[in-house]
Amino acid sequence: MPVGIFRVCLVVITAIVNHPLLFPKENVTVPENTEEIIQKMKEREESLRLELLRLEQEIADQEATQKALEKASEVVEESKEEKVRWDMWTALSMVIFLLIELWRQDFQEGNWQDTGGEEDDMAVLGKAFKGVVFPDKAVLASFYEKRILGTTGDMARMREMVEGFADDLLEALRSVCNRDADMEVEDCMGVGSMYENWRVRKPFVCDLIVPFAPPEPYRFRSQTWCSGDSFPPDEQGYGTIKVCRADEDVTGCICDKTKLGEDMLCLLHSQANATRPSSVMEDLLCFKNTQYLDADQVMKWFQVAVTKAWNRISHKYEFDLSFSLLDSPGALKIKFRSGKSIAFNLTPVVQYENSDVYFISHFPWSSLAADLPSSTHWFLTFAVYERRFIQLVSKTLPANACHVSSLQILSFLHGKQCSLTGPSGLTNYHLKTVMLHLLQARPSQDWAPEKLEARLQDMLKFLEKCLHEKKLYHFFIGNGKVPAELGFPVIFQRAEPLNLFRPFVLRRDVYRKTVDTFHEMLRNMSALISEYTVHIPLAHTNGIRKESL
């Protein structure tokens, strides 16, 4: 019963609430708002769908990009592996190509290596010259006696005449110079092939060096490439000469290296000594605005002084004196009225400390010497020690040793070949350096006169090896085996060896010309010797003709 009443009441209440007249105004716009909401919901649904499609597209693009990157990385890794393999093959191919190119150039230039073997079996030099045969002992002995030995007397007479005249000329030079302002000139010294008795080619030329020193109170302070200062490779073998006062500190004062303030004074040097007018330094033959001796200024001063000295003594002589070469300031020529002439070189030099090593302004006897880096750089010459070394070693050699004669023959052959094919990079100084190395390397008994042929072969073999390697070291620089009796400066013995063939490394054309000339000289050696030999037995002459063919 109660449940039924409750149900009836609930139906009545529901009917009353849902009657349209109860809330007539509020329900009038319900249908319109519903449609608008539905439309907005559709539009939102569409925008969400488009956004979902866009996001799906971006995700797909990112996945594709990631796959592409992974694929590209795999390709890069594969390419790296292939590149490494390719680089290895490329490098190997380049090495093989370079080896072939070097072999081809060596073959074209005629470079050949020493095949070794015993000395007595040495009939050829290198594989490329199997047709080259040395003249035998009899031919060489006859050639030396008839063609070279006769020049020794002429050299002795010429040396005596030139030395006497040079002494007189230098004495006159001292008289015309101002002792308080000009350089002090010392006695001259003879160096080179004329004074080592191995010059063979005419005209004979005497090489004289003249040491000079600055006037008081100045002195020279020298620096070399091996004295601890940094010198570039192209300046090895050179040095500089600084003109300073005798009372200056040898190590140099800090006032010379640091700019002092106006209120600071050096206690070691007075202001008068510290400030030197540039004109005074130029009067001392220094480079402009420096304290370094200028080689060009020295040569100009020396030429003027020699001219004044000759004008003072010219009335005593029945010949004329003139400078013979423009590019060699110290080259002088004596002209007799008969038309004959005598040439000699008078070159000013500066002594290195208390030794017999000298700074020289130029080398009149060396054509391969590189140009000086500047006029304040001076080349060092060891000519006095070279002459002393030859004299010292000669005392230990057998009588009539063949060291000088082998050098004379080699110098003669090279000179004759150069007169036929033109000059080469080899000089007589290079040939003498070869002899000096062999003199030190071989025992004394190997230089007996009957071993002339073997020693000449040794010199040619050594020279060929040096040309092949482009290395011929200076005999004294870096040589720790120099005899102590010479008193040679230790600083040069401890220095790095100096390669005299370094210009060949820098100048390929000169090297090729030099090697060609050397090989041509080997081929023409028998013909040259037979041409300048007289009264050779017929059997030897026929043998030479067969060899030359």
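Nothing here was measured: the structure is a model prediction, and the numbers come from that model.

**Student:** Lay out the overall build of the protein with the relevant residues and their values.
**Tutor:** Per the secondary structure count, the protein includes 15 helices and ten strands. Looking at the protein as a whole, 41% of its 549 residues are labelled buried. Taking all contacts inside the protein whose residues are at least 6 apart in sequence as the whole, residues at least 24 apart take part in 70%. Total accessible area on the protein is roughly 32,300 Å²; 56% of this is exposed by carbon and sulfur atoms.

**Student:** Please give an account of the packing of helix α9 (residues 403-421) against helix α11 (residues 452-469) that cites residues and values.
**Tutor:** With their axes 9 Å apart at the nearest point, α9 and α11 run at an angle of 55 degrees to one another. Judged on the interaxial angle alone, α11 and α9 are oblique. The interaxial crossing formed by α9 with α11 has right-handed handedness. Residues Ser405, Ser406, Leu407, Ile409 and Leu410 of α9 pack against Leu452, Leu456, Met459 and Leu460 of α11. Each residue belonging to the contact of α9 with α11 can be placed in one class, and the counts come to seven nonpolar, two polar and no charged.

**Student:** Tell me about the nonpolar core, and name the residues and values.
**Tutor:** Grouped together as the largest cluster of nonpolar side chains are 111 residues, with contacts concentrated most on Leu169, Leu293 and Phe344. Not counting the four nearest positions on each side in its chain, Phe344 is found in contact with Val162, Phe165, Val205, Cys206, Leu208, Leu321, Gly330, Ala331, Leu332 and Ile334. One finds Tyr238, Val349, Ala383 and Val384 within the second-largest nonpolar core, a separate group that totals nine residues.

**Student:** Outline the environment of Ser142, listing residues and values.
**Tutor:** As for its placement among the helices and strands, Ser142 is situated in helix α3 (residues 137-148). For Ser142, a relative accessible area of 14% puts it in the buried group. Taking C-alpha positions, Ser142 is 9.7 Å from Ile529, a pair spaced 387 residues apart along the chain.

**Student:** Describe in detail the state of the cysteines, supporting the description with residues and values.
**Tutor:** Inspection of the entire model under this criterion finds zero disulfides. Summary of cysteine pairing: Cys244 is not part of a disulfide, and the nearest cysteine sulfur, belonging to Cys286, is at 9.9 Å. Look at Cys244 and you get buried, because its relative accessible area is 0%.

**Student:** So, the environment of Arg159: which residues are in play, and what are the values?
**Tutor:** With respect to the element layout, Arg159 can be found in helix α4 (residues 151-176). In this view, Arg159 contacts Met194, Tyr195, Asn197 and Cys206; residues no more than four positions away in its chain are not counted. A polar contact of 3.1 Å, which involves the side chain of Arg159, links it to the side chain of Asn197.

**Student:** Kindly report on the confidence of the model for the protein, identifying the contributing residues and their values.
**Tutor:** The predicted coordinates of low-pLDDT regions are not to be read in fine detail. Taken over all residues, the pLDDT of the protein has a mean of 78, while the share at 70 or more is 72%. Note on residues 22-31: pLDDT under 50 across the span, and two contacts to partners over four residues away in sequence or across chains. The low-confidence segment residues 535-549 (pLDDT under 50) makes 14 contacts with residues lying over four places distant or belonging to another chain.

**Student:** Please provide a residue-by-residue account of the pattern of salt bridges, values included.
**Tutor:** Scanning the model with the defined rule gives 15 salt bridges in all. Close ionic contact of Arg442 with Asp446 constitutes a salt bridge, the shortest N to O distance being 2.9 Å. Owing to a relative accessible area of 22%, Arg442 belongs among the partly exposed residues under this scheme. Arg442 is paired through a salt bridge with Asp458; the nearest N and O atoms lie 2.9 Å apart. One end of the pair, Arg442, is in the loop between α10 (428-441) and α11; the other, Asp458, is in helix α11, with 16 residues separating them in the sequence. Here the residues in one salt-bridge network are Arg442, Asp446, Lys451, Arg455 and Asp458, joined through shared partners.

**Student:** So what about the packing of aromatic side chains? Which residues, and what values?
**Tutor:** For the coordinates displayed, the defined rule picks out 28 aromatic pairs. Between Phe165 and Tyr317, the ring centres sit 5.2 Å apart and the planes meet at 85 degrees, which makes this aromatic pair edge-to-face. You can see Phe165 sitting in helix α4 and its partner Tyr317 sitting in the loop between α7 (295-313) and β6 (319-323), a full 152 residues away along the chain. With relative accessibility at 2%, the residue Phe165 sits in the buried group. One aromatic cluster in this structure is built from Trp225, Tyr352, Phe359, Phe382, Tyr385, Phe389, Phe475, Phe476, Phe488 and Phe492. Over the ring of Tyr218 we find Arg245, and its NZ or CZ is 5.8 Å from the ring centre.

**Student:** Could you give me a rundown of a nonpolar patch on the surface, with the residues and numbers involved?
**Tutor:** A cluster of nonpolar side chains, namely Leu92, Ile96 and Ile100, defines an oily patch on the protein surface of about 270 Å² accessible area. Tracing the backbone shows Leu92 in helix α2 (residues 30-109).

Procedures and definitions
- Every chain's residues receive numbers from 1 upward, in the order its sequence appears when written.
- This being a predicted model, a pLDDT of at least 70 is required before a residue's local features are given, and a value of 80 or more before pairs of side-chain atoms are given or counted; all residues contribute to the totals for chains, interfaces and linings.
- With hydrogens and water set aside, each side-chain value is computed from the structure's full complement of heavy atoms.
- By the criteria applied, helices consist of DSSP H or I runs no shorter than four residues and strands consist of E runs no shorter than two, each listed in order from the N terminus.
- Each residue is assigned to one of three classes by its accessible area relative to the maximum for its type, calculated with a 1.4 Å probe on protein chains only: buried under 20%, partly exposed between the two thresholds, exposed over 50%.
- Only heavy atoms enter the contact rule, under which two residues are in contact if any of them lie within 4.5 Å.
- All accessible areas in this document rest on Shrake-Rupley with a 1.4 Å probe, and a residue is counted as covered only by the protein chains that are shown.
- Fitted lines through C-alpha atoms serve as axes, helices being fitted only where they are in contact, and the angles separating the N-to-C directions of these axes extend from 0 to 180 degrees.
- Roughly parallel here means an angle under 35 degrees, roughly antiparallel means over 145, roughly perpendicular means 65 to 115, and every remaining angle is called oblique.
- Should the near helix be turned anticlockwise from the far one by less than a right angle, the crossing is termed left-handed; should it be turned clockwise, right-handed.
- Charged means Asp, Glu, Lys or Arg here, nonpolar means Ala, Val, Leu, Ile, Met, Phe, Trp, Tyr, Cys or Pro, and polar covers whatever is left, Gly included.
- Here, nonpolar core means buried Ala, Val, Leu, Ile, Met, Phe, Trp, Tyr and Cys residues that are tied together by side-chain atoms lying within 4.5 Å of each other.
- A pair of cysteine sulfur atoms is labelled a disulfide when the two atoms are within 2.5 Å.
- By the criterion applied in these results, polar contacts are pairs of N or O atoms within 3.5 Å in which, for protein atoms, one can donate a hydrogen and the other can accept it, and in which residues neighboring in sequence qualify only through two side-chain atoms.
- How sure the predictor is of each residue is captured by pLDDT, a score from 0 to 100.
- Salt bridges are counted wherever a side-chain nitrogen of Lys or Arg sits within 4 Å of a carboxyl oxygen of Asp or Glu.
- Note on aromatic contacts: the rings of Phe and Tyr and the six-membered ring of Trp form a pair at centre separations within 6.5 Å, being stacked when their planes are under 30 degrees apart, edge-to-face when over 60 apart, and tilted otherwise.
- Note on geometry: a ring has a charge over it if NZ (lysine) or CZ (arginine) is within 6 Å of the ring centre and within 35 degrees of the ring normal.
- To count toward a patch, a residue needs a relative accessible area over 30% and no salt bridge; like charges are then connected within 9 Å, while nonpolar side chains (Val, Leu, Ile, Met, Phe, Trp, Tyr) are connected within 5 Å.

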